[in-house]
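# Inside the fold
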Amino acid sequence: MSTWTGAPMRYLDLHRQSLSGSVRRLAGQPLATVMTLLVIAIALALPAGLRVLVSNLGAVSASWQNAADFTAYLKIDVTADRARALSREIEARDDVAEARLVDRASALADFRERSGLGEALAGLDGNPLPDALVIRPASGLDADVEAVAAAVRALPEVDVVRVDTAWVARLRAILALAGRVVNVATVLLGAAVAMVVGNTIRLEINQRRVEIEVIKLVGGSDGFVRRPFLYLGLCYGLGGAVVAAVVIAATLALLAAPVRTLAGLYGGDFALSGLSLSELLSLLAGGGLLGWVGAGLATARHLRAIEPT
Amino acid sequence: MIRFDNVYKRYPNGREALSGVTFRLERGELAFLTGPSGAGKSTLLRLVALIERPTRGTVLVNNQNTARLPRRKIPAYRQRLGVVFQDHKLLHDRSVFDNVALPLVIAGATRREIERRVRAALDQVGLLGRETHAPITLSTGEQQRVGIARAVAGRPDVLIADEPTGNLDPELSREVMRLFARFNEVGVTLLIATHDLELMEGMPHRRLQLINGQLATDGGKAA
């Protein structure tokens, strides 16, 4: 082997030894390792899981984005023929995609069935419900929807127009807020992961004080002494991230059936989506990085203090 | 090779362990450092190993002034020095092989080189074939020899030993001393602290005697 490949190879070899040494050390005390990994995994799974939750809710609200539909209730004395004509007229407009007539008879039938007030409604003389038009504007933009609604409201046959997009806007605002909360939680819990790893490494350093002294006595540099601890931190962080990914996947699997039932009740076919590949990779990279940083902080503080005596 | 020039060492508690020690050990020399316990033998060796720095005076090792060596250069300095401890200082979670290999791994030797030199060192101390053993399963004398193998595996120019026979019976002690004499024959400079006068009988080497932190005699001549 020529010298210029020799040095990097030896360097890599040293790192490989440090890494396998760290893994052996973790495997050597399985209970403590599992406990630490679980703590890290929970701290990572919380923000990652919340992120998945928020992005799922975002997906739900996105599917409602075309819910710019609004309802125009016609005056009670408008005839059925006029109502049908009106729905055709409105549908013919350029800024309207669809106008569907819900006539007063079927509205009453529907109401009777859904409200469970069949008995009470039977006592009514006549149908109190008006004809209604469910109008879907061509554009989902709030301003366009408002314009269509205003034009419809101006028609003499129309009694009331109910534009009900406010709740969608509110949901989106709540989601934006939730996203911000998740970001804050991510920062806080990420710091917690670094501190948990740092503390674990600090204990490990104390436990291996004699070994560190001996290594320094036979000429081990700070970097050499530090390396196995950094790899140990990396292993903790990465291992915790893997467990966190499993925890999230298991939770989603548990929730999948009830969510499908719930979505079915609302007439949707929504299914939970898990971590995307890029989210999974960021989780792993983030966990590894936090472990490395936590170990780096701990070693910087505690290794220098240990000198041979 | 090792030069002490009017060296004083005072510990933070006020105790003066060395007062005005001056001597010179040439390359390839073997000297015993003797004197009662508390006379400053360990302190002197600690100054050589750069575990401590002198309060006053200069310590030159390999023409390097230890007082002026920055902290980050200490590892490289120690890599050229072999140290044998009375309490062996072996790592008990590693095999004999890994213990002896430690300085070579630190120095970044190739795996093949490490294998070869660890075997050579273990052969010299008569422990070839024990590579996979755990240090704890060896006798005290054997552990001491593992410590010696580790000290010489890196082929140091200078070897210092603090009471290397402190825990050994006379037969093992003589064996260890013969080992040191053999290293000396191949050019290693050795400074061995011991209070075992009987052991040095029949060894013609130089003796530095410390009493109360001062060099009382040097090689039989008055200091």
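Residues numbered from 1 in each chain as written. Chains lettered and ligands numbered in written order. Predicted model: local features only at pLDDT ≥ 70, side-chain atom pairs only at ≥ 80, totals over all residues.

We now examine the overall build of chain B. A tally of regular secondary structure across chain B gives seven helices and eleven strands. In terms of overall size, chain B behaves like a compact globule, its C-alpha atoms giving a radius of gyration of 17 Å where 223 residues would be expected to give roughly 17 Å. Buried positions account for 42% of the 223 residues belonging to chain B. Here the analysis covers contacts within chain B between residues at least 6 apart in sequence; of these, 69% occur between residues at least 24 apart. (Helix = DSSP H or I, 4+ residues; strand = E, 2+ residues; numbered from the N terminus. Rg over C-alpha atoms; globule rule 2.2 N^0.38 Å. Buried ≥ 20, exposed ≤ 12 C-beta atoms within 10 Å, placed from the backbone. Contact = placed C-beta atoms within 7 Å.)

Another aspect to go through is the pairing of strand S2 (residues 16-25) of chain B. Residues and elements named next belong to chain B. In this sheet, S2 lies alongside strand S1 (residues 2-10) in antiparallel orientation, the contact comprising six bridges. Of the residues in S2, the one forming a bridge with arginine 3 is arginine 24. Where S1 hands over to S2, the hairpin turn is made up of five residues, of which glycine 14 adopts a positive phi near 95°. (Pairing = 2+ DSSP bridges.)

As a further point, take the interface of chain A and chain B. At the junction of the two partners, chain A supplies 15 residues and chain B supplies 15 residues. Elements represented by at least two residues in the side of chain A that touches chain B include exactly helix H1 (3-28) and helix H8 (209-217) of chain A. Split into classes, the residues belonging to the side of chain A that touches chain B amount to seven nonpolar, five polar and three charged. (Nonpolar A, V, L, I, M, F, W, Y, C, P; charged D, E, K, R; others polar.)

In this section: the sheet that holds strand S3 (residues 132-137) of chain A. Residues and elements named next belong to chain A. The strand order across the open sheet formed by four strands is S2-S3-S1-S4, and the pairing between neighbours is antiparallel. For this open sheet the edge positions go to strand S2 (96-102) and strand S4 (158-163), each flanked by a neighbour on one side alone. Taking the axes of each pair of neighbouring strands and ignoring which way they run, one obtains an average angle of 20° across the sheet. Bridge count for strand S1 (residues 70-74) against S3 is four bridges, and the pairing is antiparallel. The residue of S3 that forms the bridge with tyrosine 73 is alanine 132. Along the sheet, helix H6 (residues 142-153) makes contact with S1, S2, S3 and S4, crossing S4 at roughly 165°. (Axes fitted to C-alpha atoms, helices over the stretch in contact; angles between N-to-C directions.)

All names here are of chain B. With 14 residues, helix H5 (residues 140-153) should cover 20 Å at 1.5 Å per step; its first-to-last C-alpha distance of 20 Å lies within 8% of that length. In terms of burial, H5 is largely enclosed, as eleven of its 14 residues are buried. Along H5, the residues classified as buried are Gln143, Gln144, Arg145, Val146, Gly147, Ile148, Ala149, Arg150, Ala151, Val152 and Ala153. Of the surrounding elements, those touching the buried residues of H5 are strand S6 (81-84), helix H3 (96-107), helix H4 (111-124), strand S7 (158-162) and helix H6 (170-185). Downstream of H5 by a residue or two, arginine 155 has a phi angle that is positive, lying close to 50°. (Expected span 1.5 Å × (residues − 1).)

A word on the sheet that holds S1(B). Consider a sheet: its strands pair through backbone hydrogen bonds, and that pairing is either parallel or antiparallel. Ordered in space as S2-S1-S4-S5 (chain B), the four strands form an open sheet in which the pairing is antiparallel. Sheet topology places S2 and strand S5 (64-65) of chain B at the edges, where each strand pairs with a single neighbour.

Attention now moves to the environment of A:Ser55. Structurally, A:Ser55 is set in helix H2 (residues 30-63). For A:Ser55 and A:Gly179, which are 124 residues apart along the polypeptide, the C-alpha to C-alpha distance reads 8.6 Å.

Attention now moves to the pairing of S7(B). Residue and element names in this part refer to chain B. Most of S7 is tucked away: five of the five residues are buried. Taking every second residue as pointing to the same face, both faces of S7 are buried, with Val158, Ile160 and Asp162 on one and Leu159 and Ala161 on the other. Taken together, the four bridges between S6 and S7 define a ladder with parallel strand orientation. Bridged to valine 83 within S7 is isoleucine 160. The β-α-β motif built from S7, the intervening H6 and the parallel element strand S8 (residues 189-193) has right-handed crossover chirality. (Right-handed = clockwise from strand over helix to strand, strands pointing away.)

All names here are of chain B. A positive phi is found at asparagine 63, a non-glycine position, where the angle reads about 65°. Among the secondary structure elements, asparagine 63 is positioned in the loop between strand S4 (56-61) and S5. Notably, lysine 89 is not glycine yet its phi reads approximately 55°, a positive angle. Within the secondary structure, lysine 89 sits in the loop between S6 and H3. Lysine 89 gets classed as partly exposed once you count the C-beta atoms within 10 Å, which come to 19.

With that settled, the discussion passes to the confidence of the model for chain A. In the predicted model, chain A carries a mean pLDDT of 85, and the fraction of residues at 70 or more is 93%. When pLDDT is averaged over each helix and strand of chain A, the minimum, 70, is found for helix H5 (residues 118-122) of chain A and the maximum, 93, for helix H10 (residues 277-302) of chain A. (pLDDT = per-residue confidence, 0-100.)

Our next topic: helix H7 (residues 166-207) of chain A. Spanning 42 residues, H7(A) covers 61 Å between terminal C-alpha atoms, matching the ideal 62 Å at 1.5 Å per step. Buried residues of H7(A): A:Val182, A:Leu189, A:Val193, A:Ala194, A:Val196, A:Val197, A:Gly198, A:Thr200, A:Ile201, A:Glu204 and A:Ile205, and no others.

This part takes up the packing of H4(B) against H5(B). Residues and elements named next belong to chain B. Viewed as axis vectors pointing N to C, H4 and H5 meet at an angle of 135°, and their least axial separation amounts to 9 Å. Considering the angle they form, H4 stands oblique to H5. The two elements H4 and H5 meet at a crossing, and its hand is right-handed. Every residue of H5 that contacts H4 at Arg117, Val118, Ala121, Leu122 and Gln124 is listed here: Ala149, Val152 and Ala153. (Parallel < 35°, antiparallel > 145°, perpendicular 65-115°, else oblique. Left-handed = near helix turned anticlockwise from the far one by under 90°.)

Turning our attention to the packing of H7(A) against helix H9 (residues 222-265) of chain A. All names here are of chain A. Put simply, H7 and H9 touch, their axes get as near as 10 Å, and they point 140° apart. Taken together, the axes of H7 and H9 are oblique relative to one another. Crossing of H7 over H9 shows right-handed handedness. Counted together, Val193, Val197, Thr200, Ile201, Glu204 and Ile205 of H7 and Phe229, Leu232, Gly233, Tyr236, Gly237 and Gly240 of H9 form the full contact between these two elements. Of the residues belonging to the contact of H7 with H9, the class tally is seven nonpolar, four polar and one charged.

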